[in-house]
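Descriptive analysis of the structure
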Amino acid sequence: MPGIMRPAVLGGTIILVALSGSAWGQPRELPARIVTLGGLAEVSKKDTPTWTSAALRAEVGQGDSVRTQSGGRVTLKTGSGQALRLGSRSQIALSSGSDGAPTRVRFDYGWMWVAVMPGGESTQVEVRAGPAVIVPREGGVGIRRNPDGSLLIQVHHGTAMCAGPDRQWQQTVSGQQQLFVPASGMPGPPAKLVVDPVEGTWVRWNADQDFAGGYGGQKSGP
C-alpha cells in the first residue's frame, strides 16, 4: 500500500518522513556497533563521560559520543545496517534510535560519511551539523564541517535532503553534486561535486566500502 507522509520536527526543522508499514516492525537502530577501526578512536559513554579507547565490535548507544584523533578512522553500523564513518580528527554524538525511530547524529567537527542501504526506510539517519540537518537517502553522502562552522555536503551517489534551522531553506542534493552551507545565511544552489585532492584517499576508501557493503556506487579506480 502507498506510504503515508508524516511530518517530523527536528530542532525546529520540519522534514516529511515516508512511512510504509508499521514502525513496530522496524529494527532498533541503536546501539550501533563498531565494525572497522584504524588508528586512535575513543568513546565517551553518557553515564561515564570520560574518553576511553574504542574497541572493535563495541556497542555505542544513545547519548554516547565517538571521536578520532589524527590518522584515526572508525565505522559504526546501526541495527538496520546503515554505516556512519568518521575520518581523522572527527567527532559525533548519538542522540536517539529507539524502536521505529531513525538514528539522530550530532556532528561536531571533522569528516563524516553516511552510507544508507538502498530499498530501506526513507529516513534512517538524520545528521545535525551546525547550520543544517542532513537526511541521506539511499547512497553515500560525505559531510565536512569546517573550523569556521560552515559545511560541505557531497552526495557521491543517491540523494540527501538538507534543511536549515526553522526551515529557513531546503535543498535536495543529488548524486555527484555538493552543497556549501555557510555558518550563517542561506546556501546557494547545489553545484557539481569536486573532490579536494587532500581528501582523495578518504573518498576512495569510502567508495570501496560502499560498493563492497551493498550501499551502491562504484568501486574506485586503481
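Now for a description of the structure that goes with this document. Counting starts from 1 at the beginning of each chain's written sequence and moves along it residue by residue. Given that the model is predicted, a residue must reach a pLDDT of at least 70 before its local features are reported, and side-chain atom pairs must reach 80 or more before they are shown or counted; all residues, however, enter totals for whole chains, interfaces and linings. Remark: hydrogens and water are excluded; side-chain values derive from all non-hydrogen atoms of the structure.

**Side note on the overall build of the chain**
Using the following cut-off: Helix numbering and strand numbering both begin at the N terminus, where a helix is a DSSP run of H or I of at least 4 residues and a strand a DSSP run of E of at least 2. Only protein chains enter the accessibility calculation, which uses a 1.4 Å probe; a residue is then buried when its area is under 20% of its type maximum, exposed when over 50%, and partly exposed in between. Throughout, a residue-residue contact means that at least one pair of heavy atoms, one from each residue, lies within 4.5 Å. Exposure was quantified through the Shrake-Rupley algorithm and a 1.4 Å probe, taking into account, for residues, occlusion by the shown protein chains and nothing else.
Assigned secondary structure in the chain consists of 1 helix and 19 strands. By residue count, 47% of the 222 residues in the chain fall in the buried class. Relative to all contacts within the chain whose residues are 6 or more apart in sequence, the contacts with residues 24 or more apart total 48%. Only carbon and sulfur atoms are counted for the fraction: they give 55% of the accessible area of the chain, which is about 10400 Å².

**Focus on the pairing of strand β7 (residues 65-68)**
Formally: When DSSP finds two or more bridges between two strands, those strands count as paired.
In β7, alternate side chains face the same way, and those of Ser 65 and Arg 67 on one face and Val 66 and Thr 68 on the other are all buried. Bridge count for strand β4 (residues 41-45) against β7 is 4 bridges, and the pairing is antiparallel. What sits directly across from Ala 41, in β7, is Thr 68. Where β7 lies against strand β10 (residues 91-96), 3 bridges are found, and the strand directions are antiparallel. From the neighbouring strand, Arg 67 faces β10, where its bridge partner is Gln 91.

**Comments concerning unusual backbone geometry**
A negative phi holds for most residues other than glycine; trans holds for most peptide bonds. The peptide bond linking Leu 30 to Pro 31 adopts the cis configuration, its omega dihedral lying at 10 degrees. Turning to its location among the elements, Pro 31 is positioned in the loop between β2 (13-19) and β3 (32-38). Phi angles above zero are rare outside glycine, and Arg 167 is one such case at about 60 degrees. Inspection of the secondary structure puts Arg 167 in the loop between β16 (159-163) and β17 (170-174). Not every positive phi belongs to a glycine, and Gln 176 is a case in point at roughly 65 degrees. With respect to the helices and strands, Gln 176 occurs in the loop between β17 and β18 (177-181). For Gln 176, a relative accessible area of 47% corresponds to the partly exposed category.

**Focus: the packing of aromatic side chains**
Keep this limit in mind: Classification of ring pairs rests on two measures: the distance between centres of Phe, Tyr or Trp rings, Trp counted by its six-membered ring, which must be within 6.5 Å, and the angle between planes, read as stacked under 30 degrees, edge-to-face over 60 and tilted in between.
For the structure shown, the criterion picks out 2 aromatic pairs. Ring geometry for Trp 111 versus Trp 202: centroids 6.3 Å apart, planes at 40 degrees, classification tilted. Taken together, the residues Trp 111 in strand β11 (residues 103-116) and Trp 202 in helix α1 (residues 200-213) connect sequence positions 91 residues apart. Note on Trp 111: relative accessible area 22%, which makes it partly exposed. A relative accessible area of 6% places Trp 202 in the buried class.

This is a description of form; function is not addressed.
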